[in-house]
Amino acid sequence: PKHVYLRLMLDFWSLCRSSGNGASMGTANGMGSRRAAPSGVLRLLVPAECGGKLIGRRGARIHEVQVLSGARIQVSDRDDEKLVEVTGPGASIEEAVALLVEDVASSEQRLA
């Protein structure tokens, strides 16, 4: 159900916020060495009905979230869901997820 997706996104975001160091996505090269800002990819599945809110008119909202967070965001179709891929340093991913969660939450409230 749609509310399960939202709950998982909110739980993940809360976990990142409470850890104090952003989303830990591992190192960019996968070899265990640490860099100043390791990059990672976070993949989220959201209900297809929320896609319009996430993307915005002509991609304006996605562009805004990318600029505000510094993360790169791609949205693709998967049957009755949208796959949202957020790429970048952990802090950028955390910021992007926070903004996306707000969008999905407001979209879910309108649909309820």
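Residues numbered from 1 in each chain as written. Predicted model: local features only at pLDDT ≥ 70, side-chain atom pairs only at ≥ 80, totals over all residues. Heavy atoms only, no water.

The next subject is the overall build of the protein. A count of helices and strands for the protein gives four helices and three strands. From first element to last, N terminus to C terminus, the protein shows the α and β order α-β-α-α-β-β-α. Residues counted as buried form 36% of the 112 residues belonging to the protein. In the protein, once contacts between residues fewer than 6 apart in sequence are set aside, the share between residues at least 24 apart is 63%. Element-wise, carbon and sulfur atoms account for 51% of the exposed surface of the protein, whose accessible area totals about 6700 Å². (Helix = DSSP H or I, 4+ residues; strand = E, 2+ residues; numbered from the N terminus. Buried < 20%, exposed > 50% of the residue type's maximum accessible area, 1.4 Å probe, protein only. Contact = heavy atoms within 4.5 Å. Areas by Shrake-Rupley, 256 points an atom, 1.4 Å probe, with all protein chains shown as cover.)

Right, let's get into the pattern of salt bridges. Under the defined criterion, the tally for this structure stands at four salt bridges. For Glu85, the salt bridge goes to Arg43, with nearest N and O atoms at 2.8 Å. Remark: Arg43 occurs in strand 1 (residues 39–47) and Glu85 occurs in strand 3 (residues 81–89); sequence separation between them is 42 residues. A salt bridge links Asp77 to Lys82; its shortest N-O distance comes to 2.3 Å. (Salt bridge = Lys/Arg side-chain N within 4 Å of Asp/Glu carboxyl O.)

This part is about the confidence of the model for the protein. For the protein, per-residue confidence averages 75 on the pLDDT scale, and 62% of positions sit at 70 or higher. The least confident element of the protein, judged by mean pLDDT, is helix 1 (residues 2–19) at 55; the most confident is helix 3 (residues 60–69) at 96. Here residues 21–35 scores under 50 on pLDDT; set against residues more than four positions off or in separate chains, the count is 23 contacts. (pLDDT = per-residue confidence, 0-100.)

Sheet analysis places strand 2 (residues 72–78) next to strand 3, joined by seven bridges and oriented antiparallel. In the strand pairing of strand 3, Val75 is matched with Val84. From the end of strand 2 to the start of strand 3, which pair antiparallel, there are two residues, and Asp79 there has a positive phi angle of about 55°. (Pairing = 2+ DSSP bridges.)

The next thing to look at is unusual backbone geometry. For Arg58, which is not glycine, the phi dihedral falls at a positive 55°. Structurally, Arg58 is set in the loop between helix 2 (51–55) and helix 3. Positive phi values are uncommon outside glycine, yet Asp79 reaches one of about 55°. By the element assignment, Asp79 lies in the loop between strand 2 and strand 3. Classification of Asp79 as exposed rests on a relative accessible area of 82%.

Where helix 3 is concerned, the buried positions are Arg61, Ile62, Val65 and Ser69. In a view along the axis of helix 3, the buried residues occupy a sector of 100°, so they form one face of it. The outward face of helix 3, more than 90 degrees from its buried face, is lined by the exposed residues His63 and Val67. In the stretch just after helix 3, Gly70 is the one whose phi turns positive, near 85°. (Arc of directions from axis to C-beta.)

Time to look at the nonpolar core. Within the largest apolar cluster, 18 residues are counted, with the highest numbers of intra-cluster contacts made by Leu54, Ile73, Val84, Val86, Ala96, Val97 and Leu100. Elements supplying a minimum of two residues to this core: strand 1, helix 3, strand 3 and helix 4 (90–111). With seven residues, the single largest contributor to this core is helix 4. Residues in contact with Val86, not counting those within four places in the same chain, are Gly40, Val41, Leu42, Ala71, Arg72, Ile73, Ile93, Ala96 and Leu100. (Core = buried A, V, L, I, M, F, W, Y, C linked by side-chain atoms within 4.5 Å.)

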